[in-house]
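Remarks on the overall topology
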Amino acid sequence: MTSTTQESESVLAFRRWLKAHGSGYHNDLTLHEAKPPGIGLSVFASQFLPPETRIVSCSTSLVITKELAEKALFEILGLADSAFQGWNERQFQVSYIALHSIVQPRPKQLAHGPYLDILPPATNTSVYFNEDELSSFKGSNLYGATLDRCRDWEDEWKACCQTISRSKKDWADGFTWDMYLVACTYLTSRAFPSDLLSDGSEIVYPVLIPGLDSFNHARDQDISWIGASPDDPSITLLQHKVAIVGQELFIDYGPKPNSELILGYGLDARQMEPKACDISYEDHLSASDALVSMALGSLDRLPNENVENPKPDTIRAEVWLMRKYYIQGQRAILQELLAFAKQKEKETIQAAQEEGIELILEGDEVAQ
């Protein structure tokens, strides 16, 4: 794909919406559908970009925060504050997003249509796996984490529908589980931390920042996030390196556990290099022994990553490949942990011997 390809009408409408609110991309950037199709947009340079270029900015007024969503829901539903008691930030944001697809024509309070229209309908995160696909991860921490997340989100969705039905039963009836799932996935895969708003709040939670979330991931990108300030109430991405014509621009999502790559982003371990483990424990034999036992037990429970797909009709090839690399990564981490624990055990025994201290090992053997 080249940067000279004509942008789609939905992208052009999104650009116009951003510009009308004092936001937007650099004029020499173009947005096109990413490959493979269905995962969103990619951003390309259509002209040479010098270093220190502000590639996109978004006014804080466009950020989908809990406060923005809460205000809109209060106004269009006409319910008292007490009706929303117990709702968390995600429930407000997701309900606000979903109502854009339910309420037609959209009232002025539902102001993010041009942004939501460019977002992909679904992702490859593990909450979308079918039963066979998810079952293939049994024995890993991803399996339980996915079930927990789906259960929590489903409880939230039911509470949202119950509240909305007090005012608009037809809206609640149209608020499907799939709508909630899609919007929640936007928050796990596209969101930025709310402290970029510099609003003085001590609570940090995920917020959607239109425009800034269009960039795909690549490691070690020389890009800065510039938070809002009283003089400039917008969030900006500043690219420090040059970009040539036709080059795709990326941002670095930062280090993530392998499970969160699949659970929250729909990425596999090949797309984000693992970081070294930062393990803190008391350097003595009992801790080393516990660590060895834990690692061995976890290794025993891991499924085999090298078997053929037993159900190619129901388990997608890309999910089976994702499973392979995830389990390979988990196995490598556990083997590294096991080697680390055994080395620490060896170092402990050696240090004790140098000081003439006797250690009683398993089986009442004496090391001296």
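The following paragraphs examine the structure supplied in this document. The model shown is predicted, which means the values in this text are computed figures rather than measured ones. (Residues numbered from 1 in each chain as written. Predicted model: local features only at pLDDT ≥ 70, side-chain atom pairs only at ≥ 80, totals over all residues. Heavy atoms only, no water.)

With 7 of 8 residues buried, helix H9 (residues 258-265) lies mostly within the body of the structure. Of all the residues in H9, the buried ones are Asn258, Ser259, Leu261, Ile262, Leu263, Gly264 and Tyr265. Just downstream of H9, glycine 266 is the residue with a positive phi angle, here 75°. (Buried < 20%, exposed > 50% of the residue type's maximum accessible area, 1.4 Å probe, protein only. Helix = DSSP H or I, 4+ residues; strand = E, 2+ residues; numbered from the N terminus.)

In this model, glutamine 104 is joined to proline 105 through a cis peptide bond whose omega is -5°. Its location among the elements puts proline 105 in the loop between helix H3 (89-102) and helix H4 (113-116). The backbone phi angle of glutamate 52 is positive, close to 65°, even though this residue is not glycine. Assignment of secondary structure puts glutamate 52 in the loop between strand S3 (41-45) and strand S4 (53-59). Here glutamate 52 falls in the partly exposed class, since its relative accessible area comes to 47%.

Before going further, it helps to spend a moment on helix H8 (residues 177-189). In this model, H8 (13 residues) spans 18 Å end to end at C-alpha, consistent with the 18 Å of a helix rising 1.5 Å per residue. The element H8 is extensively covered by neighbouring structure, given that 10 of its 13 residues are classed as buried. Within H8 the residues assigned to the buried category are Tyr180, Leu181, Val182, Ala183, Cys184, Thr185, Tyr186, Leu187, Thr188 and Ser189. Buried residues in H8 make contact with H3, helix H6 (141-165), strand S6 (206-207) and H9. (Expected span 1.5 Å × (residues − 1). Contact = heavy atoms within 4.5 Å.)

Spatially, the 4 strands line up as an open sheet ordered S2-S3-S10-S7, and their pairing is mixed. Because the sheet does not close on itself, it has two edges, and the strands there are strand S2 (29-33) and strand S7 (216-217). Relative to strand S10 (residues 248-251), S3 runs antiparallel, the two sharing 2 bridges. When the bridges of S10 are listed, valine 43 appears paired with leucine 249. (Pairing = 2+ DSSP bridges.)

Moving on to the environment of glycine 144. As for its position among the elements, glycine 144 is in helix H6. Along the primary structure glycine 144 and leucine 134 are separated by 10 residues, whereas in three dimensions their C-alpha atoms are 9.7 Å apart.

With respect to the helices and strands, isoleucine 223 occurs in strand S8 (residues 223-226). The exposure class of isoleucine 223 is buried, given its relative accessible area of 16%. Considering only alpha carbons, one finds isoleucine 223 and arginine 54, 169 residues apart in sequence, at a separation of 9.6 Å. Not counting the four nearest positions on each side in its chain, isoleucine 223 is found in contact with Ile55, Leu237, Leu238, Gln239, His240, Phe250 and Ile251.

This part is about the pairing of S3. Counting buried positions over the 5 residues of S3 gives 5, a clear majority of the element. A two-sided burial pattern is seen for S3, the buried positions comprising Leu41, Val43 and Ala45 on one face and Ser42 and Phe44 on the other. Here S2 pairs with S3 via 5 bridges, running antiparallel. Residue pairing for S3: histidine 32 is matched across the bridge by serine 42.

Turning our eyes to something else, we now look at the pattern of salt bridges. In the structure shown here, the tally under the stated rule is 14 salt bridges. Taking the shortest distance from any N to any O, the salt bridge between glutamate 156 and arginine 90 comes out at 2.5 Å. You can see glutamate 156 sitting in helix H6 and its partner arginine 90 sitting in helix H3, a full 66 residues away along the chain. Taking relative accessible area as the criterion, glutamate 156 reaches 10% and is therefore assigned buried. (Salt bridge = Lys/Arg side-chain N within 4 Å of Asp/Glu carboxyl O.)

A word on the side chain of serine 234. Position of serine 234 relative to the elements: it lies in strand S9 (residues 234-239). At 2.7 Å, the side chain of serine 234 forms a polar contact with the side chain of aspartate 232. (Polar contact = N/O pair within 3.5 Å; in protein donor to acceptor, adjacent residues only side chain to side chain.)

Let us now look at a nonpolar patch on the surface. On the surface, Phe48, Val242, Ile244 and Val245 cluster together to form a nonpolar patch covering roughly 370 Å² of accessible area. On the secondary structure map, valine 245 appears in the loop between S9 and S10. (Patch = residues over 30% accessible without salt bridge, like charges linked within 9 Å, V, L, I, M, F, W, Y side chains within 5 Å. Areas by Shrake-Rupley, 256 points an atom, 1.4 Å probe, with all protein chains shown as cover.)

Our focus in this paragraph is the environment of glutamate 260. Along the chain, glutamate 260 turns up in helix H9. The spacing of glutamate 260 and serine 126 is 134 residues in sequence and 9.5 Å in space, taken between C-alpha atoms.

Counted under the stated rule, the structure contains 0 disulfides. No disulfide involves cysteine 150; its sulfur sits 9.7 Å from that of cysteine 184, the nearest cysteine. Looking at the unpaired cysteine 184, the closest cysteine sulfur is the one in cysteine 160, lying at 8.4 Å. (Disulfide = S-S within 2.5 Å.)

Ile55, Phe175, Ile209 and Phe215 are the most contacted members of the largest nonpolar core, which totals 91 residues. For this core, the element with the most residues is helix H11 (residues 317-354), which contributes 8 residues. Those residues in contact with phenylalanine 215 that sit more than four places away from it in its chain are Tyr25, Val43, Ile55, Val56, Leu237, Leu249, Phe250, Ile251 and Tyr253. (Core = buried A, V, L, I, M, F, W, Y, C linked by side-chain atoms within 4.5 Å.)

Geometry only, nothing functional implied.
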